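# Chains, contacts and geometry: an overview
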Amino acid sequence: YFGAGQTLPINRGAGIDQPLLLHLARHAAVGDWVHVFPEGGVFQYRTQLGGRECQCALGKLKWGTAKLIAHAPEPAAVIPFYFSGMEDVIPLHPVTRAIISIIPIPGHKVKIRFGEELDFSDLISVHEKKYGKLRKYRCNSSGGVHEDDMVDEESWRSSAADRMLYH
């Protein structure tokens, strides 16, 4: 189901070294468009505490996206976007967070905003000067993985220095 939308079902809580993230990286390496929702299960409520408005700061984002960007064979085109209003289209129970209706409810506005492309080459360059070149994942044009690159789960593991970059 998720694969049809070019989204892979990442195992939340399994960490940044999980095989599904490596699989997503391989798709990105051959130029496939990949959809990444780095906030994951972090909810940014518009209202809380009985409906009172809340000035909530954006919660902590996930590191998997940073790993994909840092180890990409070519600079990744990162276009940030934000959407709000889906909580009215597919509402969740306020306490259990269970989906109330799996059928989207029409008639609600969903706002989508796109930002300017982000460039992380300066951060990657500083990191590589201090800790050495980052390993890059890569696939050939037919979708096969080159033998000399990050092809197995062991070589996909992040070092302590790499983890500092992902933050």
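Above this text is the structure in question.
Thresholds applied
- Residues numbered from 1 in each chain as written.
- Predicted model: local features only at pLDDT ≥ 70, side-chain atom pairs only at ≥ 80, totals over all residues.
- Heavy atoms only, no water.
- Core = buried A, V, L, I, M, F, W, Y, C linked by side-chain atoms within 4.5 Å.
- Buried < 20%, exposed > 50% of the residue type's maximum accessible area, 1.4 Å probe, protein only.
- Helix = DSSP H or I, 4+ residues; strand = E, 2+ residues; numbered from the N terminus.
- Phe/Tyr/Trp six-rings, centres within 6.5 Å; stacked < 30°, edge-to-face > 60°.
- Lys NZ or Arg CZ within 6 Å of the ring centre and 35° of its normal.
- Arc of directions from axis to C-beta.
- Contact = heavy atoms within 4.5 Å.
- Polar contact = N/O pair within 3.5 Å; in protein donor to acceptor, adjacent residues only side chain to side chain.

With that settled, consider the nonpolar core. Formed by 17 residues in total, the largest nonpolar core has its most connected members in L21, A25, L68, A70, L134, Y137 and W156. Sorting the residues of this core by element identifies α1 (19-29), α2 (64-70) and α5 (160-166) as the ones contributing at least two each. Sorting elements by how many residues they give to this core places α1 first, with 5 residues.

Our next topic: the packing of aromatic side chains. Under the counting rule described, the total for this entry stands at 0 aromatic pairs. In this structure, K67 is placed above the aromatic ring of W156, and the distance from its NZ or CZ to the ring centre is 4.0 Å.

Here we take up α1. The α-helix advances 3.6 residues per turn, and as a result positions three or four apart in sequence lie on the same side. L21, L22, L24, A25 and A29 are the residues of α1 that are buried. Relative to the axis of α1, the buried residues are bounded by an arc of 160° and lie together on one face. Residues of α1 that are buried make contact with α2. In the stretch just after α1, G31 is the one whose phi turns positive, near 90°.

So, on to helix α4 (residues 121-131). Residues of α4 that are buried include every one of I124, H127 and E128, and no others. Taken end-on, α4 shows its buried residues confined to a sector of 100°, consistent with a single buried face. Residues of α4 that are exposed and angled more than 90 degrees away from the buried face: V126, K129 and K130. Those residues of α4 that are buried are in contact with α2 and α5.

It is worth spelling out the side chain of D17 at this point. As for its placement among the helices and strands, D17 is situated in the segment before α1. On the accessibility criterion, D17 (13% relative accessible area) is buried. Looking at D17, its side chain comes within polar contact range of the side chain of K67, at 2.7 Å. A distance of 3.0 Å separates a polar atom in the side chain of D17 from a polar atom in the side chain of R163. Once you skip the residues sitting within four places of it in the chain, D17 turns out to touch K67, W156, R157, S158 and R163.

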